[in-house]
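Observations on the model geometry
If you want the building blocks of each chain, they are given just below.
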Amino acid sequence: MKFTDGYWRMREGVRASYPVEILDCAAPAPGSLVVHAPVQHIRHRGDLLQGPLVTIACTAAAPDVIGVTITHFAGEEPRGPAFALATDPPPDAEVSITDEAASLTSGALTVRFGRGEHWGMDVLAAGRRLTGTRPKSTAVIDTADGRHYVREQLDLGVDHHVYGLGERFGPLVRNGQQVDMWNADGGTASEQAYKNVPFLLTDAGYGVFVDHPGLVSFEVASEAVARTQFSVEGQSMRYFLIYGPTPKEILRKYTALTGRPARVPGWSFGLWLSTSFTTSYDEATVTGFIDGMAERDLPLSVFHFDCFWMREFQWCDFEWDPRVFPDPPGMLRRLKERGLRISVWINPYIAQLSPLFAEAKERGYLLRRPNGDVWQWDLWQPGMAVVDFTNPEAREWYAAKLDALLEMGVDCFKTDFGERIPTDVVYFDGSDPERAHNYYTYLYNRTVFELLRKRRGEDEAVVFARSATAGGQRFPVHWSGDSESTFEGMGESLRGGLSLGLSGFGYWSHDIGGFEGTPDAGLFKRWIAFGLLSSHSRLHGSRSYRVPWLFDEESVDVLRHFTRLKMRLMPYLAGAARQAHEEGLPMMRAMILEFPDDPACTHLERQYMLGDDLLVAPVFTVEGDVAYYVPDGVWTRYLTGERVHGGRWVRERHGFDSVPLLVRPGAVVPEGAVDDRPDYPHAEGVTLRVYEPRDGARVTTEVADATFTTTRQGGELRVTAENAGEWNVLLVNTDPASITVQGGTVTGHDQGALIRATAADLVVTLRRHPEANTEANTEGNIEGIAP
């Protein structure tokens, strides 16, 4: 929200008051600093008779994390809901109050207020100023229509860039954008977002989380081009400053505060196939799809039933439409006998024709208008009402309906919708409707996820959710919503996923081929490669099926190729998923997250890192032309073993069965021995693909319960294994004739030397000692286009 009219003036009807000096300050509790700041200089006692007086309270929330609360009137009643935060105040937080300054230090992070003539707050770490405020940055603001706001502005350096703020589909770098935290069902082609997260991450060593679940308005180098601004309506605003210094460390500390993604079951990483949305289907249709996948040797893990598994105009009643599914338990049993998991679509709305409407109305389980009427409208479903998840009994009632489906054989739910939540309502627990608008999705997905965890087990719960806000990462997986079946829609989806990953979410998916419209075969095949090199992979559309043979036979081959590639990569992907759960790092990572010191990575949004070591550059043309940036070092093509020298842009042309998939220099990538399912014993027969480690390198690789340690000292490469059964090592780009091996047997491989380990300690002697950076660039042309 903008308050100013250019640099010097305020907009009509806007009156702002700014702290100008410290009147007094105190440390009322350990790890706490309170500053009282008048909005006029105190030159005599008469100046003490007028306000406003702004109170700024700072608290050490965790090591390297400091909360800052700006308050005008302290009499405002606390209003729910509130984010569930896990603070961990450090016992050694230090407060210093002198004649010159007042400061609070938590870990390596310090906030410091000068006590001179000019107001300002410095945010300091590692001997430097990260950001801070200046005169007229902090403000309490009144408007002519009687509204009151609290606004903060933090300095933004010339070379500082802002990321995050949820799943946003525009440019990845937020600088120059106005971003309002307000969940909306707006597709992937506008400034609206399904997942608004009031957390921003910078490449300047810090992040900011605004602790307000409702509408937070961000102006990122937009209203004031040298500042990041955020504001909320009300008398008080709290935000947290989070010191990294690296983007990864910022994410680790932010997710420690707001929650980390749960583990998801291994089967969820396989291919999901949907009925699509408005397509006609019954059990024969479903069986025909599954038979078609099996006949074409296409691995399938999950079958999803979209909306019309229920009767029209009765969403949701959680009852199978008997006209097309006369025997749901038998059908689900038959599908599960084929090794499939079952997902069904749900949403948090109850249509008037649903038998559940009268029941929920009578029991008080639906949102109501201030006059006591049930809130209803006709958008989406006639007479639709909204379940009130602030009512514990309503949550239990809703979960019980889903529990009956789990008992029948359903494994998980696509938790659709949850964005268009009205504000002219009364909640059971008295929640403020503005604050509850975004937070509603947290309650909705938590209700479903906790039921699944209770019934299926701690690591077996998974949803496919569209809406979210801060903390929603605890209940994975999330998908990008309704994209158009165009290359532009594919690009929007990728930008949204990378932005969400920079906002604390670990897993992410999208509709392969796009949702709205029907992709042509070329687009579909390009999207397949992107979809199968994503955290989770789903074939889904709106008005057309997404089985590959309806596009062309090559689509079948492409889907088989990339699905089986993903299945072989599961030992590696499981490690990236472990990082998501334990550290809060996304599986799909914007390049800036892995390479924060490479300025060429600042704006990259058409490529990403999948885990620590794989670079993926989706192809956005039918012809296969692609340009992508390779960071410094000698990288290796995963599919061919060719080397690619980095520190430069590469231009190529790829066939439909190829995509830029590069391995980081010196990496060890575990590849599985199974390619037809994701949930196999990953350590059995695993092959460690070793990519020319540097002298002195040491890499630890965890695969299920096995741990492998790869070290190189001069001409000796050693791999040791703990708790491993059969395992192999592939020395990529190493001639079998140039090595001798102890503890294994060596054979040739089209990418190097393949060693079958016969002992827990494998020692390879390199008779010549090539260093990766001295290798000639041996990369070849792909389909005739020179790099």
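These numbers come from a predicted model, not from an experiment.

Conventions we followed
- Residues numbered from 1 in each chain as written.
- Predicted model: local features only at pLDDT ≥ 70, side-chain atom pairs only at ≥ 80, totals over all residues.
- Heavy atoms only, no water.
- Helix = DSSP H or I, 4+ residues; strand = E, 2+ residues; numbered from the N terminus.
- Rg over C-alpha atoms; globule rule 2.2 N^0.38 Å.
- Buried < 20%, exposed > 50% of the residue type's maximum accessible area, 1.4 Å probe, protein only.
- Contact = heavy atoms within 4.5 Å.
- Pairing = 2+ DSSP bridges.
- Axes fitted to C-alpha atoms, helices over the stretch in contact; angles between N-to-C directions.
- Salt bridge = Lys/Arg side-chain N within 4 Å of Asp/Glu carboxyl O.
- pLDDT = per-residue confidence, 0-100.
- Polar contact = N/O pair within 3.5 Å; in protein donor to acceptor, adjacent residues only side chain to side chain.

Secondary structure summary: the protein chain contains 11 helices and 49 strands in total. Relative to the globule expectation of 28 Å for 787 residues, the C-alpha radius of gyration of the protein chain, 28 Å, shows essentially globular dimensions. Across its three principal directions, the C-alpha atoms of the protein chain cover 90 × 70 × 45 Å. Taken over 787 residues, the protein chain has a buried fraction of 61%. In the protein chain, once contacts between residues fewer than 6 apart in sequence are set aside, the share between residues at least 24 apart is 68%.

Here we take up the pairing of strand β42 (residues 698–703). Judged from the 6 bridges that link them, β42 and strand β43 (residues 706–713) form a sheet pairing that is antiparallel. Note on β43: the bridge partner recorded for Val703 is Ala706. Between the antiparallel neighbours β42 and β43 lie 2 residues, among them Ala704 with a positive phi of about 55°.

The subject of this paragraph is the sheet that holds strand β8 (residues 94–97). The strand order β8-β9-β10-β11-β12 describes an open sheet built from 5 strands, whose pairing is antiparallel. With partners counted over all chains shown, the strands left at the sheet margins are β8 and β12 (128–133), one partner each. Within this sheet the neighbouring strands show an average axis-to-axis angle of 20°, counted without direction. The pairing of strand β9 (residues 101–106) with strand β10 (residues 109–114) spans 6 bridges and is antiparallel. Looking at the pairing, Ala102 lines up with Phe113 of β10.

Moving on to the pattern of salt bridges. Two side chains bearing opposite charge may form a pair once their charged atoms approach each other closely. Summed over all chains, the structure comprises 57 salt bridges. With a closest N to O distance of 3.7 Å, Asp327 and Arg334 form a salt bridge. Asp327 sits in the partly exposed class, given a relative accessible area of 36%. The partner of Arg578 in a salt bridge is Glu702, with the nearest N and O atoms 3.8 Å apart. A residue pair is termed long-range when its members are at least 10 positions apart, and Arg578 in helix α10 (residues 570–583) and Glu702 in strand β42 qualify at 124 residues. Through salt bridges with shared partners, a single ionic network connects Asp185, Asp416, Glu419, Arg420, Arg466 and Asp482.

Moving on to the confidence of the model for the protein chain. In this model, the protein chain carries an average pLDDT of 96, and 97% of its residues clear a pLDDT of 70 or more. This model gives residues 770–787 a pLDDT under 50, and the stretch forms 46 contacts once residues within four places in sequence are excluded.

With that settled, consider unusual backbone geometry. The omega angle of the peptide bond from Gly80 to Pro81 is 0°, so this bond is cis rather than trans. Position of Pro81 among the secondary structure elements: in the loop between β7 (65–71) and β8. The omega torsion across Gly244 and Pro245 is 10°, close enough to zero to call that bond cis. Positionally, Pro245 belongs in the loop between β21 (236–243) and α1 (247–258).

On to the side chain of Arg466. Its location among the elements puts Arg466 in the loop between α6 (433–456) and β28 (478–479). Here the side chain of Arg466 touches Asp185 through a polar contact of 3.3 Å, side chain to side chain. If we ignore the near neighbours within four places in the chain, the residues touching Arg466 are Asp185, Tyr194, Lys195, Thr415, Asp416, Phe417, Glu419, Trp479, Gly481 and Asp482.

Here we come to the sheet that holds strand β31 (residues 537–539). Sheets are built from strands paired through backbone hydrogen bonds, the pairs being either parallel or antiparallel. On the basis of which strands lie adjacent, the open sheet formed by 6 strands has the order β27-β24-β23-β22-β31-β30 and parallel pairing. Only two strands of the sheet have a single partner each, and these edge strands are β27 (412–415) and β30 (511–512). Sheet analysis places strand β22 (residues 271–274) next to β31, joined by 3 bridges and oriented parallel. Opposite Leu273, over in β31, you have Leu539 as the bridge partner. Packing against the sheet, α6 makes contact with β24 (341–346) and β27, and its axis sits at approximately 175° to β27.

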